[in-house]
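# Remarks on the overall topology
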Amino acid sequence: MSNSHYEKLRHELLQHQHTWLITGVAGFIGSNLLETLLKLNQKVVGLDNFATGFKKNLEEVLEKVTPEQRDNFLFYQGDICVLSDCAKAMKGVDLVLHQAALGSVPRSIKTPEITHATNVTGFLNSLMVAKDAGVKRFVYASSSSVYGDHPDLPKQEDKIGNPLSPYAVSKYTNELYAKAFSTCYGIETIGLRYFNVFGPRQNPAGPYAAVIPLWISALLKNEPVNINGDGETSRDFCYVENAVQGNLLAAMTQNKAAVNTVYNIAVGQQNTLKTLYSLLVENLNLSTQQELLYKNFRSGDIRHSLADVDKAKKLLGYHPAYSLQSGLKEMMEWYRVALVNY
Ligand SMILES: NC(=O)c1ccc[n+]([C@@H]2O[C@H](COP(=O)([O-])OP(=O)(O)OC[C@H]3O[C@@H](n4cnc5c(N)ncnc54)[C@H](O)[C@@H]3O)[C@@H](O)[C@H]2O)c1
């Protein structure tokens with residue numbers, strides 16, 4: 001890892017213990033945050049209702065840390081839509097990493113009211129309780145979907161278009177609430193617009209699985225690989241360790257100009273779905289390529305996505321350590337082993 005700023009922060013965290021709340025801790029990104037924080041000897045409270053997360057994600061993390069580090073973790077099974085669950089988890093917390101939400105654009109198109117309840121009401125509950133508990137900072141997961149139909153590439157934080165799905169509306173609403181709360185109550189917030197995060201513990205199963213775990217699963221099981229559109233759709237795929245870095249830097253920055261705003265968290269590299277497919281085949285060492293089955297474009301999907309990560313670099317000292325290629329290399333073994341359990 002070449003980011004000296006992040007290395008310094010990790011070193012400082014090893015010397016000073018804070019208490020963190022990770023909402024959505026049993027999910028993909030939440031459990032990766034948990035692993036990093038426990039390994040840095042931090043105290044972590046986790047809140048999750050297992051809507052889309054798994055107990056096995058928590059068990060896997062706890063097996064990878066020392067008994068002392070394991071004792072630094074306190075888990076509450078609870079729902080962010082229930083104010084008292086949020087309040088219980090928030091007690092004594094210094095820093096919040098709010099990840100709990102229902103992901104997936106297609107899910108939000110099918111059941112917008114369910115996405116709204118978790119992503120908007122649940123978000124507002126978490127923010128209110130954080131404000132009342134006097135937490136030092138509330139860092140939350142936003143999304144590249146906020147850019148909607150804005151044509152510019154790369155995406156810069158202050159140029160957004162019309163949202164293309166209820167999911168995008170929910171994430172943009174989070175940003176508006178966070179800003180209003182910092183104005184009205186002085187709570188420090190930072191929103192991280194993740195761009196297509198991938199890595200270990202991302203669920204490969206179910207109707208709303210993300211493209212990377214879905215395709216790895218299909219390739220390893222010799223099943224058909226479906227592609228939405230013509231394969232030229234592009235994304236800025238971001239390995240989860242980059243997202244973890246973004247969260248830790250956002251939570252700990254002492255730069256006053258860096259708070260109460262939003263950042264792109266990505267690599268700054270654009271890859272088409274066809275390129276992704278070739279890289280997966282290469283990384284899995286498959287001798288034969290599965291045939292790609294071309295399907296219709298999905299409604300609500302952005303055609304091209306590429307982040308400008310300069311703002312996060314300048315204000316937070318963020319430097320994505322992993323590209324799509326190096327991230328895929330890191331995680332392949334996990335999927336080979338884990339897929340038998342899905
Ligand atoms: N993965 C990505 O590429 C990506 C991209 C942009 C934004 N995000 C955002 O990042 C965050 C984490 O996403 P992820 O990919 O880890 O998804 P995930 O589904 O793996 O994790 C979300 C977690 O939140 C929990 N949760 C959902 N509703 C809850 C509720 N009402 N109360 C308590 N817990 C609840 C789930 O059980 C799950 O463990 C989400 O806010 C998501 O919208 C993810």
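This text gives an overview of the structure that appears in the document. (Residues numbered from 1 in each chain as written. Predicted model: local features only at pLDDT ≥ 70, side-chain atom pairs only at ≥ 80, totals over all residues. Heavy atoms only, no water.)

When two helices pack together, their arrangement is given by the angle between their axes and by how far apart the axes lie. One can describe the packing of helix α1 (residues 4-15) onto helix α10 (residues 240-252) by two numbers: an axis separation of 11 Å at closest approach and a directional angle of 65 degrees. Considering the angle they form, α1 stands roughly perpendicular to α10. In the packing of α1 onto α10, the handedness of the crossing is left-handed. Only Val 244, Gln 245, Leu 248, Leu 249 and Met 252 of α10 make contact with α1, whose side of the interface consists of His 5, Tyr 6, Leu 9 and Leu 13. Of the residues contributing to the contact of α1 with α10, the split by class is seven nonpolar, two polar and no charged. (Axes fitted to C-alpha atoms, helices over the stretch in contact; angles between N-to-C directions. Helix = DSSP H or I, 4+ residues; strand = E, 2+ residues; numbered from the N terminus. Parallel < 35°, antiparallel > 145°, perpendicular 65-115°, else oblique. Left-handed = near helix turned anticlockwise from the far one by under 90°. Contact = heavy atoms within 4.5 Å. Nonpolar A, V, L, I, M, F, W, Y, C, P; charged D, E, K, R; others polar.)

Our focus in this paragraph is the site of the ligand. Lining the immediate surroundings of the ligand are 27 residues, of which Asp 48, Thr 52, Asp 79, Tyr 167 and Val 197 lie closest. Gly 53 has a polar backbone atom sitting 3.0 Å from an oxygen atom of the ligand. In the complex, 91% of the free accessible area of the ligand, which totals 820 Å², lies under the protein chains. Contributing elements (two or more residues each) for the shell around the ligand: α2 (28-39), β5 (137-143) and α8 (166-185). Broken down by element, the shell around the ligand gets its largest block of residues, three residues, from β5. Looking at the shell around the ligand residue by residue, the classes come out as 12 nonpolar, 12 polar and three charged. (Near = heavy atom within 4 Å. Polar contact = N/O pair within 3.5 Å; in protein donor to acceptor, adjacent residues only side chain to side chain. Areas by Shrake-Rupley, 256 points an atom, 1.4 Å probe, with all protein chains shown as cover.)

Moving on, we come to the pairing of β5. Taken residue by residue, a regular strand's side chains alternate between the two faces of the sheet. For β5, the tally of buried residues reaches seven of seven residues, placing the bulk of the element in the interior. A two-sided burial pattern is seen for β5, the buried positions comprising Arg 137, Val 139, Ala 141 and Ser 143 on one face and Phe 138, Tyr 140 and Ser 142 on the other. Across four bridges, the pairing between strand β4 (residues 95-98) and β5 is parallel. By the bridge assignment, Leu 97 is partnered in β5 with Val 139. (Buried < 20%, exposed > 50% of the residue type's maximum accessible area, 1.4 Å probe, protein only. Pairing = 2+ DSSP bridges.)

With that out of the way, let us pick up the environment of Val 45. Topologically, Val 45 is positioned in strand β2 (residues 43-48). Classification of Val 45 as buried rests on a relative accessible area of 7%. Separated by 11 residues in the primary sequence, Val 45 and Leu 34 place their C-alpha atoms 9.1 Å from one another. Excluding anything up to four places from it in sequence, Val 45 contacts Thr 19, Trp 20, Leu 21, Ile 22, Phe 73, Leu 74, Tyr 76, Ala 89 and Val 93.

A few words now on the environment of Gln 69. For Gln 69, the location among the structural elements is in helix α4 (residues 67-71). For Gln 69, a relative accessible area of 10% translates into the label buried. For the pair formed by Gln 69 and Ala 243, sequence separation is 174 residues and the distance between their alpha carbons is 22 Å. Setting aside residues up to four positions removed in sequence, Gln 69 forms contacts with Leu 38, Lys 39 and Asn 41.

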